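One letter stands for each residue in the lines below.
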Amino acid sequence: MSTSLKRVVVTGASGFIGGAVATALADAGHEVVGYGRRPNGWQHPRGSYRQRDLTRDAIPEVRDAQVVVHAAALTDEWMGWEDAFDTNVRVTGRLVQTGSAARLVHISSASVYDPYTPTVLGCEAEQLPRRYPNAYGATKSIAERIVAMHPNCIALRPRAVYGPADATLSSRLLARVRMGVLPLPGGGAFEQTVTHIETLVDAVERSLDSAVTGPVNVGDAEPVAIGRFILDVLAASGRRARILPVPVDAALSLASRAEGLAKVTGRKPSLTRYAVMQLGFERTLDLSRLNEELGAVPRPTSLQFMR
């Protein structure tokens, strides 16, 4: 794959996805400026880093960039609407206005698909729903509607991104294991698309020079049984567990009660409807645009780099 060298701004460079993208682009010779909230959040001998809170700080480098990769986002499944809107919507809107002359590669999410029904080979042409069980899905959906106004934007929709240096996925799973048992809606039997970070990075790199615009699903070559995948992720983290199947309806009822209690106590719920819906239904993506239009060949799911 041949890509002309660019001046690239990467938001969210102190995070898992943004950091991996910024490193890959700098390794390839691009001139990369990374933004993030953490001090010394991303370092590379051929890149520079700016510690900024993009919800309030100026982003002047965007005006000179040829490409903006927007990976900054809040992803907590139980975050407040105001915080989610500030980061996932307002920052996106500012980037669209400020960097309108640049190619915009927006890292969206497959969570924009209807969470209340199974996603069976979800296609980018599907109309997005108007309701979501949490602020994450809702604000990512609004952000997609905003970037659609940009004249040269591609919105990548990965699902369940995993890989080295990702502490989020394994830590969330480990927190749910009790005495070697992991309760899972439907027993984890449903087929789901997952995305290795290298699969997503490859899609970003191909997006730099591509003329493809609009949403593009991103995922590994074949869906996996989500329960088996979760057990493999836990094993890669040095933990073994046994799956305890829980009926999806019962899990949704428990999650609804937990969310109601959380609203009273101010504490995060032990279980959310979003988590149940993501694990308790089929969640597979149609990767035709990724393969045929962007020219990417999705790789097989692999956990060899999780250790």
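Cut-off values and rules
Every chain is numbered on its own, with residues counted from 1 as its sequence reads. Thresholds applied to this predicted model are a pLDDT of at least 70 for local features of residues and 80 or more for the giving and counting of side-chain atom pairs; totals over whole chains, interfaces and linings are not thresholded and use all residues. With hydrogens and water set aside, each side-chain value is computed from the structure's full complement of heavy atoms. Throughout, an axis means a line fitted to C-alpha atoms (over the contacting stretch in the case of helices), and angles, computed between N-to-C directions, take values from 0 to 180 degrees. Helix and strand definitions follow DSSP, with helices as H or I runs of at least four residues and strands as E runs of at least two, each counted in order from the N terminus. In what follows, roughly perpendicular refers to angles from 65 to 115 degrees, roughly parallel to angles under 35, roughly antiparallel to angles over 145, and oblique to any angle outside these ranges. Helix crossings fall into two classes, left-handed where the near helix is turned counterclockwise from the far one by less than a right angle and right-handed where it is turned clockwise. Note on contacts: a residue pair is in contact if any heavy atoms of the two residues lie within 4.5 Å. Nonpolar residues are Ala, Val, Leu, Ile, Met, Phe, Trp, Tyr, Cys and Pro. Charged residues are Asp, Glu, Lys and Arg, and all others, Gly as well, are polar. Polar contacts, as used here, are pairs of N or O atoms within 3.5 Å; protein pairs need one atom able to donate a hydrogen and one able to accept it. Residues neighboring in sequence count only if both atoms are side-chain atoms. Here's how the labels work: a residue is buried when its accessible area is under 20% of the maximum for its type, exposed when over 50%, partly exposed in between, all with a 1.4 Å probe on protein chains only. For two strands to be treated as a pair, DSSP must find no fewer than two bridges joining them. Crossovers are described as right-handed under a simple rule: with the strands pointing away from the observer, the path leading from the first strand over the helix to the second runs clockwise.

Enquirer: So what's going on with the packing of helix α2 (residues 81-98) against helix α3 (residues 135-147)? Residues and values would help.
Expert: How two helices sit against one another is set out by the angle between their axes and by the gap between those axes. At a minimum axis separation of 9 Å, α2 and α3 run at an interaxial angle of 15°. On the basis of the axis angle, α2 is roughly parallel to α3. Once α2 is placed against α3, the crossing between them reads as right-handed. When α2 is examined against α3, the residues Trp 81, Ala 84, Phe 85, Asn 88, Val 89, Thr 92, Gly 93 and Val 96 are found in contact with a partner set consisting of Ala 135, Tyr 136, Ala 138, Thr 139, Lys 140, Ile 142, Ala 143, Ile 146 and Val 147.

Enquirer: Please give an account of the packing of helix α1 (residues 16-27) against helix α5 (residues 197-207) that cites residues and values.
Expert: Look at α1 against α5: their axes get within 10 Å of each other, and the N-to-C directions meet at 55°. In terms of axis orientation, α1 runs oblique to α5. Classified by chirality, the crossing of α5 by α1 is right-handed. Mapping the contact onto sequence places Phe 16, Ile 17, Ala 20, Val 21, Ala 24 and Leu 25 in α1 and Ile 197, Leu 200, Val 201, Val 204 and Glu 205 in α5. In the contact of α1 with α5, the residues fall into 10 nonpolar, no polar and one charged.

Enquirer: An account of unusual backbone geometry is requested, with residue identities and associated values reported.
Expert: The backbone of Asn 40 shows a phi angle near 50°, a positive value even though the residue is not glycine. Of note, Asn 40 is situated in the loop between β2 (31-36) and β3 (47-51). A positive phi angle, close to 50°, is found at Leu 121, a residue other than glycine. With respect to the element layout, Leu 121 can be found in strand β6 (residues 119-122).

Enquirer: Account for the side chain of Glu 77, with residues named and values stated.
Expert: Counting through the fold element by element, Glu 77 comes out in the loop between β4 (67-70) and α2. Here the side chain of Glu 77 touches Thr 272 through a polar contact of 2.5 Å, side chain to side chain. Residues in contact with Glu 77, not counting those within four places in the same chain, are Asn 134, Arg 172, Arg 176, Thr 272, Tyr 274 and Ala 275.

Enquirer: Can you explain the environment of Leu 54? Please cite residues and give values.
Expert: You can see Leu 54 is positioned in the loop between β3 and β4. Exposure remark for Leu 54: the relative accessible area of 8% places this residue in the buried category. Between the C-alpha atom of Leu 54 and that of Ser 288, which follows or precedes it by 234 residues, the distance is 34 Å. In this view, Leu 54 contacts Thr 11, Tyr 35, Ile 59, Ala 72, Val 91 and Arg 94; residues no more than four positions away in its chain are not counted.

Enquirer: Requested: an account of the pairing of strand β5 (residues 103-107), with residues and values cited.
Expert: Taken across its five residues, β5 has five buried, putting it largely inside the fold. Both faces of β5 are covered, namely the face carrying Arg 103, Val 105 and Ile 107 and the face carrying Leu 104 and His 106. Here four bridges tie β4 to β5, and the two strands are oriented parallel to one another. Along β5, the bridge assignment pairs Val 67 with Arg 103. In terms of handedness, the path from β4 via α2 over to β5 forms a crossover that is right-handed.

So, to be careful, I would describe these as geometric facts and stop short of saying anything about function.
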